[in-house]
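So the chains spell out like this:
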Amino acid sequence: MHPTVCILLLEDDPISVDIVGAYLQSISFADVKLHSAATAAEALALLARVDVDLVVADLNLPDSAGAATVASLVQAVGCPVIAITADRNPDLREATLACGAFEFLSKSDLTATTLARLVRLAMMQARTYRSLRESRQAEAALRQSEGRFRSLAGFGRSALVKSEPAELAEQAARAVFDALAVDAVTYIEPEPGTNQLVLRRVLARGARGVRRGPIRCGPDDPIMQVMTSGHLVLTEGAQLPFSWARDLRSAAIVPVRSDNKVRGVLCACYKAAKRFGAEELDFIQATASVLSTALQRVASEARLAYLAQFDPLTGLPNRALLADRFSQMIVQAKRRRSPLAVLFIDLDGFKAVNDTLGHAGGDELLKDVAARLQSAVRTGDTVARISGDEFAIVLTDLVRPEDAALVAQKVIDLLGESVQVQGSELFVTASVGIAAFPADGRDADTLIGAADAAMYRAKQSGRNAYQ
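On a predicted model such as this, the values are computed, not experimentally measured, just so you know.

1. Considerations on the overall build of the chain
Part 1 of the argument: Within the chain, the regular secondary structure consists of 13 helices and 17 strands.
Part 2 of the argument: Along the first, second and third principal axes, the C-alpha atoms of the chain reach 90 × 60 × 50 Å.
Part 3 of the argument: Buried residues in the chain amount to 48% of all 467 residues.
Part 4 of the argument: For the chain, restricting intrachain contacts to residue pairs at least 6 apart in sequence, the fraction spanning at least 24 positions comes to 62%.

Here it is as structure tokens:
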């Protein structure tokens, strides 16, 4: 059963009310009870009679503007205030945070995912505020809690811009280590392509000889249980698989998720037993959630950067990356006064393969062709997939331009060998066009175009040949 969170949305623009309201109502980890107000005066009147867990407020209202809006709300409520605005004033963020805002968000950056992350963090802070108000040691606890949430908010802001997974893991471990004053924090994840767990980051008080690297975990080890189940494990007295951790008795092991799997774990430890309360566990889980979001963002950005330059099927450079590399090679060829050539390769009758074996069979053939083309050239040459069944090879540092024909014949011979696709033996031929620098062109586009035209002449002359 999801917890109920009461949110006040302070916004005078009906369109923004609909958008932000829909984002808030779509939150999956809580049942949202939403109140709305269009002016600061209306909001303050509502707050006087309704307890809310979170305020999401536009800074510019009919009766209030800028950081003053946040200042009036912070004085009236004991819950987090998230400020949103379309104002691009670069000084507004610092002024708003200085007035006590939990977070500042530009409307241009507002997404359902970003808002859900902030709501999750703000809910945790709101729960802490409520419990602290009921505590006999409210003042001391509030100072401690504020320090924790400043640490978490600082990590959250940093996680939005950092792009190195190792640095993100380091900062997540540091946030837990400093905010909870634990005796040790580790971040562990599987080694890519293996089942071996690796200790990536470790912070430990008074420990010497702490080394990062592979660790051994049996199936019943708490760390392995979290990796396989995806659920938090709280241990008391269990031995961790580190020689330097023998004195650690209380451990909270929290999963760091990636899509539908666990990509790693944050493990926080105390020497004393039973040191983890609800707030400490909430803090570690929130830190793990921020780390998970940041790592997924970095992975998505890396994937997009890869797709912008490489063909996802064959792993070869695409046309855009080929043009960039080709231009650089032409500059070097001019300086060295050395010949340069490009081969434009098109498979003969590839459509028949797709029609007979389907696109899966065609894709399998293309991957085999890519591997054969790479085996036909030297390390410094570039093989690229242009589109469909068209490929290109740029040959550098030729002794003479005529040597490109030798490579073209080698390509034709290699591709002419039989290939097994879905259990069927196929024979594929190719037509190749050759263009040389500088005789056939002095820039990448002209040379590729000339090689393309030569390839069509090879097609017209009977295929399985070069021109």
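2. As for the pattern of salt bridges
Part 1 of the argument: The final tally for this structure, using the stated rule, is 15 salt bridges.
Part 2 of the argument: Linking Arg 385 and Asp 311 is a salt bridge whose minimum nitrogen-to-oxygen distance equals 3.1 Å. Taken together, the positions of Arg 385 in strand β13 (residues 382-387) and Asp 311 in the loop between α9 (278-307) and α10 (319-336) put the pair 74 residues apart, joining distant regions of the chain. Note on accessibility: Arg 385 and Asp 311 belong to one class, buried.

3. What about the layout of surface pockets?
To find leftover empty space, a probe the size of one water molecule is rolled over the atoms.
Part 1 of the argument: Size it by volume and the largest pocket reaches roughly 790 Å³.
Part 2 of the argument: In terms of lining residues, the largest pocket is bounded by 28 residues, among which Phe 29, Arg 120, Arg 257, Gln 285 and Ser 289 are the most central.
Part 3 of the argument: Mapped by element, the contributors of at least two residues to the lining of the largest pocket are α5 (112-133), β10 (250-258) and α9.
Part 4 of the argument: The residue makeup of the lining of the largest pocket, split by class, is twelve nonpolar, ten polar and six charged.

4. Here's the deal with empty space enclosed by the protein
Part 1 of the argument: Tallying each qualifying case throughout the model produces two cavities of 30 Å³ or more.
Part 2 of the argument: Volume-wise, the largest cavity comes out at about 40 Å³.
Part 3 of the argument: In this structure, the largest cavity is lined by Phe 102, Glu 103, Arg 117, Leu 118, Leu 121, Leu 152, Ala 153, Gly 156 and Arg 157.
Part 4 of the argument: Looking at side-chain class alone, the lining of the largest cavity contains five nonpolar, one polar and three charged residues.

What counts as what
Sequence order as written defines the numbering, with residues in each chain counted from 1. A pLDDT threshold of at least 70 governs which residues receive local features in this predicted model, and a stricter bar of 80 or more applies before side-chain atom pairs are shown or counted, although totals over entire chains, interfaces and linings include all residues. To obtain the side-chain values, all non-hydrogen atoms of the structure were included, while hydrogens and water were left out. A helix here means a DSSP run of H or I that spans at least four residues, while a strand means a run of E at least two residues long, and both kinds are numbered starting from the N terminus. Using a 1.4 Å probe on the protein chains alone, a residue whose accessible area is under 20% of its type maximum counts as buried, one over 50% counts as exposed, and one in between counts as partly exposed. Contacts were defined at the residue level, with two residues in contact if any of their heavy atoms lie within 4.5 Å. For this analysis, a salt bridge means a side-chain nitrogen from Lys or Arg found within 4 Å of a carboxyl oxygen belonging to Asp or Glu. Here a cavity means grid points, on a 1 Å grid over the protein atoms only, where a 1.4 Å probe fits yet cannot get out; a pocket means an open set of points with protein on both sides within 12 Å along at least five of seven lines; lining residues are those with an atom within 4 Å of a point. Grid points are joined across faces, edges and corners, and a volume is the space filled by probe spheres set on the points. Classification used: nonpolar for Ala, Val, Leu, Ile, Met, Phe, Trp, Tyr, Cys and Pro, charged for Asp, Glu, Lys and Arg, polar for all others including Gly.

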